[in-house]
2 protein chains.
Amino acid sequence: MQSQSDIRLTPQRQVILEELAKVKTHPTANEVYDMVRKRLPRIGLGTVYRNLELMADNGMILKLEVGGSQKRFDATTDLHYHIRCTRCGKVDDIELGAMPQLDQLAADTSDYQVLGHHIEFSGICKTCADNQAESATN
Amino acid sequence: MQSQSDIRLTPQRQVILEELAKVKTHPTANEVYDMVRKRLPRIGLGTVYRNLELMADNGMILKLEVGGSQKRFDATTDLHYHIRCTRCGKVDDIELGAMPQLDQLAADTSDYQVLGHHIEFSGICKTCADNQAESATN
DNA sequence: ATAAGAATAATACACATTATCATTCATTAA
DNA sequence: TTAATGAATGATAATGTGTATTATTCTTAT
Ligand SMILES: [Mn+2]
Ligand SMILES: [Mn+2]
Ligand SMILES: [Zn+2]
Ligand SMILES: [Zn+2]
């Protein structure tokens, strides 16, 4: 028996999922495309977009709408938070305990039906900070 | 005496700032353009984009990179949080006390130089919820 | 094997944002 | 006051991310 939201695991979808699960970098759709193309050279970019969107709708992966101009994807679906480097755009996980109770607080103080939340920190990553220090001493 | 980051308050910039301060709706650049055009019909869309970006860089306003395809702007620069309706895209403030101490926690658990954070809740706004209830009873 | 439906790949399209550049405006120094 | 300089603007072109379209290919059920 299959629930209505189960999707067929086509070869394309399988590879997209596997490649996404391999990395911790929160790649963009284009980056996933590049990763997947090494295994499926004939896959279309539209297929990658379409299926990332579909899997996100099904809760199989996370679509991160963080700062910057591109959406990013995450195979880890547990509630967790992110930090984005304002220099290079890199996104990393932040090992902070999740605070699901925030949703209730938000519901209490608004007339929205609250569905969830996300915390995005911003900062300078180690690499960019080091690069800056280096060029300052030149 | 002017600090280096002070910018000249051209008529265009003044009107953009005033119109943005008038609303609580977190308008997109295009929406700001429409508001401003009523007072300055000859202003260019590029000028609006350029100056919203500039003012955000100077800390005079906030650029909200929330979910959805367009960036939004906010004349209120105090640390506060937002909720976005996943149906209609509307963005409202959430009256939750700010938690600046989160930045320190994030700094402790990462090698980033943490600059700040933002919390974005998602949910269904009153209007969209009512519309849904209405069409369900048809 | 055949038919029906789902998914794919190629391509065209939409649209938000940025870049370019000639013109206009503001500021400064003769 | 005027001339020179640099900054800002407005018009327009260009870029890039993401979506829509559609003919073809693949699955599944009969
Ligand atoms: Mn993550
Ligand atoms: Mn706000
Ligand atoms: Zn970085
Ligand atoms: Zn709504």
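Quick notes on the rules
Residues numbered from 1 in each chain as written. Chains lettered and ligands numbered in written order. Predicted model: local features only at pLDDT ≥ 70, side-chain atom pairs only at ≥ 80, totals over all residues. Heavy atoms only, no water. Contact = heavy atoms within 4.5 Å. Buried area = accessible area lost by both parts, 1.4 Å probe. Salt bridge = Lys/Arg side-chain N within 4 Å of Asp/Glu carboxyl O. Polar contact = N/O pair within 3.5 Å; in protein donor to acceptor, adjacent residues only side chain to side chain. Near = heavy atom within 4 Å. Helix = DSSP H or I, 4+ residues; strand = E, 2+ residues; numbered from the N terminus. Nonpolar A, V, L, I, M, F, W, Y, C, P; charged D, E, K, R; others polar. Donors = N, O, S within 2.8 Å, 3.2 Å for Na, K, Ca; no water.

Draft legend 1. Examining the interface of chain A and chain B more closely. Contact with chain A, which involves 36 residues of that partner, is made by 36 residues of chain B. Summing both partners gives a buried area of about 2800 Å² for chain A against chain B, and 62% of it is carried by carbon and sulfur. Looking at the side of chain A facing chain B, the largest losses of area belong to Glu65, Tyr112 and Phe121 of chain A, adding up to 22% of the total buried there. Across the contact surface, chain A and chain B share zero salt bridges. Along the contact surface separating chain A from chain B lie twelve residue pairs in polar contact (both at pLDDT 80 or more).

Draft legend 2. Structural context of the protein's contact with DNA strand C. Lining the immediate surroundings of DNA strand C are 15 residues, of which Thr10 and Thr47 of chain A together with Arg8, Tyr49 and Lys71 of chain B lie closest. In this structure, a phosphate oxygen belonging to DNA strand C sits 3.3 Å away from a main-chain N or O atom of Gly44 of chain A. Between DNA strand C and Arg8 of chain B, the relevant distance is 3.3 Å, taken from a sugar or linking oxygen to a side-chain nitrogen or oxygen of the residue. Elements represented by at least two residues in the surface near DNA strand C include exactly α1 (11-22) and α3 (45-57) of chain A. The greatest single-element share of the surface near DNA strand C, amounting to three residues, is contributed by α3 of chain A. Residue composition of the surface near DNA strand C, by class: two nonpolar, seven polar and six charged.

Draft legend 3. Expanded view of the coordination of the manganese ion (ligand 1). Residue and element names in this part refer to chain A. Bound to the manganese ion (ligand 1) are the protein donor atoms His26 (NE2), Asp74 (OD), His80 (NE2), His82 (NE2) and Asp93 (OD), situated 2.0 to 2.3 Å from the metal. Written as a sequence motif, the donor residues of the manganese ion (ligand 1) are H-x47-D-x5-H-x1-H-x10-D. Within this pair, whereas His26 is found in the loop between α1 and α2 (29-37), its partner Asp93 is found in strand β4 (residues 91-94), the two being separated by 67 residues in sequence.

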